[in-house]
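Each chain, letter by letter, is given below.
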Amino acid sequence: MSDVVSYERDGDIAVITVDNPPVNALSLPVRAGLANAFAEFQQDANAKAAVLICAGRTFIAGADITEFDKPIEDPWLPTVVEQIESCSKVVVAAIHGTALGGGFETAMACHYRCALPSAKVGLPEVLLGLLAGATGTQRLPRLIGVKDALDVMISGKPMAAPLALERGAIDKIVDGDLRTGAIAYANSLISDNAQPRRISEIVINPASIPDRFFDDYRKGMARQTRGFFAPEQIVKCVEAAVTLPYAESVKRENELFMTCMASTESKAQRHLFFADREISKIPDVPKDTPTRSIEKVAIVGGGTMGGGIAMNFVNVGMPVQLKEINQEALDRGLSIIRGNYEVAVKNGRLSEAQLEKNMAMIDGTLDYADIAEADIVIEAVFENMALKKEIFATLDQTCKAGAILASNTSTLDIDEIAAATQRPQDVIGLHFFAPANIMTLLEIVRGAKTSKDVIATSMQMAKTIRKSAVLVGCCFGFVANRMFFPYIREAQLMILEGISPERIDQVAFDWGMAMGPNGVSDLSGLDVLEKVRTEWTERPDDPVFFRMITKLSEQGRMGQKSGAGIYKYEGRKAVPDPEVAKLAKAEAEALGVKQIEVSDEEIIERLFYSMINEGALILEEGIALRPSDIDVVYANGYGMGRYRGGPMWYADTVGLKNVRDAMLKYRDRYGDLYWTPAPLLEELANAGKTFDQWNLER
Ligand code: 3HC
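What you see as residue numbers is a count from 1 along each chain, following the sequence as written. Local features in a predicted model are, by the rule used here, given only for residues with pLDDT of at least 70; side-chain atom pairs are given and counted only at 80 or more, and totals for whole chains, interfaces and linings are based on all residues. Note that water and hydrogens are dropped before the side-chain values are worked out from all heavy atoms of the structure.

(A) A look at the packing of aromatic side chains. Pairing of aromatic side chains requires ring centres within 6.5 Å, counting the rings of Phe and Tyr and the six-membered ring of Trp. Pairs whose planes differ by under 30 degrees are stacked, by over 60 edge-to-face, and all others tilted. Inspection of the entire model under this criterion finds 20 aromatic pairs. Ring plane angle 85° and centroid distance 6.5 Å describe the contact between F38 and F41, whose orientation is recorded as edge-to-face. Of the two residues, F38 and F41 both sit in helix α1 (residues 28-43), three residues apart, roughly one turn of that helix. Of the residues examined, F38 reaches a relative accessible area of 1% and is grouped as buried. Relative accessibility decides the category of a residue: with a 1.4 Å probe and only protein chains considered, values under 20% of the type maximum give buried, values over 50% give exposed, and everything between is partly exposed. Judged by its relative accessible area of 0%, F41 is buried. Pairwise contacts between aromatic rings join F433, F484, Y487, W511, F608, Y634, Y638 and Y650 into one cluster. Look at NZ for Lys and CZ for Arg. If either is within 6 Å of the ring centre and within 35 degrees of the ring normal, a charge sits over the ring. Over the face of the ring belonging to Y368 we find K323, whose NZ or CZ atom lies 4.4 Å from the ring centre. The cationic tip of R698 hangs over the ring face of W694; the distance from NZ or CZ to the ring centre is 4.2 Å. Numbered from the N terminus, helices here are DSSP runs of H or I no shorter than four residues, and strands are runs of E no shorter than two.

In structure tokens:
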């Protein structure tokens, strides 16, 4: 008998249990175990029906993603699900946790489905650049209708049990013990003489689908799915479900699944799936590192950033104290938070009552003494070292022993800030990304003296407030901004070279960024970027560096917030401004910058290879733990399309030799200040290796 799938009988009911921790993924032994168990059920004259159930925290959560890069071994999943469906006696799936992907496909092969009220079912393959290739794209439209099935598969969002019941994706909700309830359900089906119900036998009447339905659906999803490969393949599968006989459309699904599997986009998305989980593994801070209790949270600075940070805690039910310097600033901060919640109320995401409840969880104060008992204090004032040191010295005087003192600095030296206190072991960087209540990334900056329990507590706290936390070392700009500067630097230089900001942004957008570098600069605030430039004591000795940012902010053009920056703004709409082109030309003349024509390819290379080279330096210096951590930073913090896999993965797909050679081309043109390949890049390019291989081999 299989180690991971067991067969037993409970009266007339065969109970087939999958037990493959942690998430009962459908690895080869599970597929083989299921095939054997269902064969035994067919043969077992004493079993009148079967219940398929799982041990541990969840029903089957899908195919085993770690097997995807290996050759497929029999029995493969589509065969197993057909075997389950073809059983001549009733099969009931008993679902708890999450029945996802291949797990839900297995459940749909069962003739009836029951679930705990807390269970969820769905087909999230699209998030891995795949489609539900074990008949999921064929069964779900037959089960819940074409439109709802497409919505589920294109969004990848699971359905909670009550919604699944309403849509007919499950047949019954079981309260109490699942196994007992599922066996009772199977017995009741036998008493009612219920027959196996096979979804594959349902025929979708093509006449029930409105004319142009699929064209309209494609148009509707275009914005959300831009750049991704799998969504279109999913639509094609559902079209096949409507127009072709079941056996043929399953064949079509299989072909398209294989195409998705081989796509660069899917490989990148699968890489990020594991990268997102890898970030929590810190070699010298193991999972059992003791943590401090975090119940009382205080934030110093109630501006846009501080307010956004406060909302993260309030949203998970944790009260927050907000410390400001005067009543006016405090009132303004609170009103920004209220405004954000009001938008949520307007969009139907929050009730009026919840808004008031949330606001009541924020306690404003002007006095440091009031936050003396906080377990963690997060400083979120503007980027100025002298000010931050002053605040930390005060916190050191007032806060209780053992409190974590965190800075939301996006660039500055955590060790220097920590040195303003007598307790550098309690000081850490928590760099939130704007808007802090929305962006999921949190860069956790470890100082030279930060203690391990402070790191472990910060990582745990990030989970509580639903952030994806990447631990980084200390240097100017850490990982996120340090790699962002070369990207902005090149965008700035290109403007001086006569390339329009809107063209640069369009090329970056088409490549996969949520927004181009110039739009982002305007959104961040040119004054903020200028401040960062001036605070950066070791900035490049180069008058061209960030030139337009300096000149435009001198003119009071601070970006979106002042109605003009690199663009002019009509509301939030960016409009090209001839004045900026004029200024760029004059500055280029003054600085001796040549006007040039560039290809789209050059724009991409200069923006991203400069960023990647900085990433290679960061890896060499040990500022990031792994290349995949950098990829998570860019996918989660800067809206880099997940189908690119992050900058370091993208470099691997381009080939590091190609990246290095392009750098040398630009070094010939611009000199070696910015375009000297990092030693690690040089070494890997020469060895024909990738960052990913380097990471695995070291
Ligand atoms: N295959 C292999 N490993 C998996 C896995 C899978 N499908 N799903 C999760 N894991 C691993 C994770 O990598 C992690 O490993 P680690 O501890 O070594 O880092 C461990 O299981 C626990 O996962 P999480 O940390 O994510 O645990 P959570 O409790 O937070 O979440 C979950 C559980 C909701 C099931 C989440 O893991 C998840 O969403 N998994 C992916 C589900 C999915 O995408 N299924 C579709 C797969 S593709 C498919 O089925 C193709 C088919 O149509 C042919």
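(B) Molecular detail of unusual backbone geometry. Here the bond from D74 into P75 is cis, since omega is -5°, no more than 30 degrees from zero. Locating P75 in the fold gives a position in the loop between β3 (49-54) and α2 (77-85). For the bond from A434 to P435, the omega torsion is -10°, close enough to zero to count as cis. Along the polypeptide, P435 turns up in the loop between β15 (427-432) and β16 (441-445). Positive phi is not limited to glycine here, since N24 has a value of about 55°. With respect to the helices and strands, the residue N24 is situated in the loop between β2 (13-18) and α1. Of note in the backbone geometry, F478 takes a positive phi value of approximately 50° without being a glycine. Considering the arrangement of structural elements, one finds F478 in the loop between β17 (468-472) and α18 (480-496).

(C) Representation of the sheet that holds strand β5 (residues 98-100). At least two DSSP bridges between two strands are required for those strands to pair. One open sheet holds the three strands; their spatial order is β5-β7-β8, and the pairing between them is mixed. The open sheet has two edge strands with one neighbour each: β5 and β8 (159-160). Here two bridges tie strand β7 (residues 120-122) to β8, and the two strands are oriented antiparallel to one another. In the strand pairing of β8, K120 is matched with A160. Note on contacts: a residue pair qualifies if any of its non-hydrogen atoms lie within 4.5 Å across the two residues. Note on method: axes are straight lines fitted to C-alpha atoms, helices fitted across the in-contact stretch only, with angles between N-to-C directions ranging 0 to 180 degrees. The strands that helix α3 (residues 102-109) touches are β5, β7 and β8; relative to β5, the one it contacts most, it runs at about 90°.

(D) How the structure looks around the pairing of strand β1 (residues 5-10). Pairing analysis gives six bridges linking β1 to β2, with the strands arranged antiparallel. Residue E8 lies in a different strand from β2, and its bridge partner there is V15. The antiparallel pairing of β1 with β2 creates a hairpin that spans two residues between the two strands, and G11 there sits at a positive phi of about 65°.

(E) Quick look at helix α14 (residues 352-360). Taken as a whole, α14 has its buried residues at L355, N358 and M359. End-on, the buried residues of α14 take up no more than an arc of 95°, which puts them together on one face. Turned more than 90 degrees from where α14 packs its buried face, A353, K357 and A360 sit exposed. On its buried face, α14 sits against α12 (304-315), α13 (327-346) and β12 (362-365). Working note: the arc is built from the helix axis to C-beta atom directions.

(F) A look at the environment of Y185. Mapped onto the secondary structure, Y185 falls in helix α7 (residues 178-191). Y185 has contacts with V92, Y112, R113, C114, D171 and K172, leaving out every residue within four places of it along the chain.

(G) Molecular detail of the packing of helix α24 (residues 600-620) against helix α27 (residues 656-670). Direction vectors running N to C along α24 and α27 enclose 105°, while the axes themselves pass 10 Å from each other. Comparing the axis directions of α24 and α27 gives the class roughly perpendicular. Facing α24, whose interface residues are E602, E605, R606, Y609, I612 and N613, α27 presents N658, V659, A662, M663, K665, Y666, R669 and Y670. Residue polarity follows a fixed list, in which Ala, Val, Leu, Ile, Met, Phe, Trp, Tyr, Cys and Pro are nonpolar, Asp, Glu, Lys and Arg are charged, and the others, Gly among them, are polar. By residue class, the composition of the contact of α24 with α27 is seven nonpolar, two polar and five charged. Roughly parallel means an angle under 35 degrees; roughly antiparallel means over 145; roughly perpendicular covers 65 to 115; every other angle is labelled oblique.

(H) Spotlight on the layout of surface pockets. Cavity: a set of points on a 1 Å grid over the protein atoms alone where a 1.4 Å probe fits but cannot get out. Pocket: an open set with protein on both sides within 12 Å along at least five of seven lines, its lining residues, like those of a cavity, having an atom within 4 Å of a point. Grid points are joined across faces, edges and corners, and a volume is the space filled by probe spheres set on the points. Put simply, the second largest pocket is a space of about 1,400 Å³. As for the second largest pocket, its lining consists of 48 residues, and the residues nearest its centre are A61, G62, A63, I65 and F273. If you list the elements that add at least two residues to the lining of the second largest pocket, you get α1, α2, β5, α3, α10 (246-262) and α11 (264-278). When residues of the lining of the second largest pocket are assigned to their parent elements, the largest contribution, six residues, is made by α11. Taken together, the residues of the lining of the second largest pocket break down into 27 nonpolar, ten polar and eleven charged.

Honestly, it's all geometry; don't read function into it.
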